[in-house]
Amino acid sequence: MTTDAGSSPALHWPGPEPAGAARRVYLGILQDLESGRMVPGQRLIETDLAARFEVGRNAVREAMQHLAVRGVVDLSPNRSPAIRRLDLAETFEVLDVAEAMTRLVARAAAKGFRDEHGALLSTALDELVEAAPGGEAATFSRARRGFYRALLLIGGNREAQRLFPAIGIHIIHAQYPSPRLRGIRLADYQAIARAIAARDADAAERAATGHVDNVRAVIRELTTAHP
């Protein structure tokens, strides 16, 4: 069996997640997507997943439902489940939603920031800095998710905590891997964090908007170079 993904706190979100055996499948697939062992468009065979994670098929089905809600798995009728793959138009639609939600999360964190949140934010940034230079994409992805988790906890908006993980930005990162984009994201996250620590909600929102704009620009470059 693969490493128990359930032991990794970096994969946890404040929002709803499955429990028990279904959680093992759920977190394992997220890890595989981050590491490149699974890719957008890949079919997911229920019997294979049940054998790999040593769970029953009902647990696999429950995990698929949660992953579909989170935007990771496509459960289209009359087709086997697959890792979601976005066409270019849908990619930019996802980024439109991500921009609105990231602005909301950054503003809420700036308004909710207290002195006791300093250590949480600093730790999240340290993990990003450590993961960014030449490290594995999966390590940076976990650090990125930890950063957003910190912002969600600081902001305290429970509806944002529930909805934010469902944005398909993780699929975008899997479809458009770019070492240059990783460096851009790090600088953007640092700018967002500075505004939050300064309790400047307007600056935090501007930094969030700028970040998503930067992601859009890199994706345009990638798709122009490799249509």
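Residues numbered from 1 in each chain as written. Predicted model: local features only at pLDDT ≥ 70, side-chain atom pairs only at ≥ 80, totals over all residues. Heavy atoms only, no water.

Trainee: Break down the overall build of the protein for me, citing the residues and quoting the values.
Mentor: Regarding its fold elements, the protein presents 10 helices and 2 strands. Listing each helix as α and each strand as β along the protein from the N terminus yields α-α-α-β-β-α-α-α-α-α-α-α. Taken against the 2.2 N^0.38 rule, which gives 17 Å for 227 residues, the C-alpha radius of gyration of the protein at 17 Å falls within 12% of a compact globule. Burial statistics for the protein: of 227 residues in total, 48% are counted as buried. Sequence-distant contacts in the protein: of pairs separated by 6 or more residues, those separated by 24 or more amount to 73%. (Helix = DSSP H or I, 4+ residues; strand = E, 2+ residues; numbered from the N terminus. Rg over C-alpha atoms; globule rule 2.2 N^0.38 Å. Buried < 20%, exposed > 50% of the residue type's maximum accessible area, 1.4 Å probe, protein only. Contact = heavy atoms within 4.5 Å.)

Trainee: Describe the confidence of the model for the protein, with residues and values.
Mentor: Close inspection of predicted coordinates is inappropriate for parts of the model with low pLDDT. On average, residues of the protein carry a pLDDT of 87, and 91% of them reach 70 or more. Segment residues 1-12 is flagged for pLDDT under 50; beyond a separation of four residues in sequence, or across chains, it makes 28 contacts in the model. (pLDDT = per-residue confidence, 0-100.)

Trainee: An account of helix H6 (residues 137-155) is needed here, citing residue identities and associated values.
Mentor: Over its 19 residues, H6 extends 27 Å from the first C-alpha to the last, a length consistent with the 27 Å expected when each residue adds 1.5 Å. Backbone geometry just after H6 places Gly156 at a positive phi near 75°. (Expected span 1.5 Å × (residues − 1).)

Trainee: I'd like to hear about the packing of helix H1 (residues 20-35) against helix H3 (residues 57-69), residue by residue, with values.
Mentor: With their axes 8 Å apart at the nearest point, H1 and H3 run at an angle of 50° to one another. With respect to H3, the element H1 is oriented oblique. Taken as a pair, H1 and H3 cross one another with a handedness that is right-handed. Every residue of H3 that contacts H1 at Ala21, Ala22, Val25, Tyr26, Ile29 and Leu30 is listed here: Ala59, Val60, Glu62, Ala63, Met64, His66 and Leu67. Classifying every residue of the contact of H1 with H3 by side-chain character gives 11 nonpolar, 1 polar and 1 charged. (Axes fitted to C-alpha atoms, helices over the stretch in contact; angles between N-to-C directions. Parallel < 35°, antiparallel > 145°, perpendicular 65-115°, else oblique. Left-handed = near helix turned anticlockwise from the far one by under 90°. Nonpolar A, V, L, I, M, F, W, Y, C, P; charged D, E, K, R; others polar.)

Trainee: Go over the pattern of salt bridges, please, and point to the residues and values.
Mentor: Scanning the entire structure with this criterion turns up 14 salt bridges. Put simply, Asp32 and Arg52 hold a salt bridge, and the shortest N to O gap is 2.4 Å. With Asp32 in helix H1 and Arg52 in helix H2 (residues 46-53), this residue pair connects regions lying 20 residues apart in the sequence. On the basis of relative accessibility, which here comes to 25%, the residue Arg52 falls in the partly exposed class. The partner of Arg216 in a salt bridge is Glu99, with the nearest N and O atoms 2.6 Å apart. Highlighted residues: Arg216 in helix H10 (residues 201-225) and Glu99 in helix H4 (residues 88-112), separated in sequence by 117 residues. (Salt bridge = Lys/Arg side-chain N within 4 Å of Asp/Glu carboxyl O.)

Trainee: Could you give an account of the side chain of Arg70, naming the residues involved and the relevant values?
Mentor: Assignment of secondary structure puts Arg70 in the loop between H3 and strand S1 (73-74). Among the polar contacts listed, one links the side chain of Arg70 to the side chain of Tyr26, at a separation of 3.1 Å. (Polar contact = N/O pair within 3.5 Å; in protein donor to acceptor, adjacent residues only side chain to side chain.)

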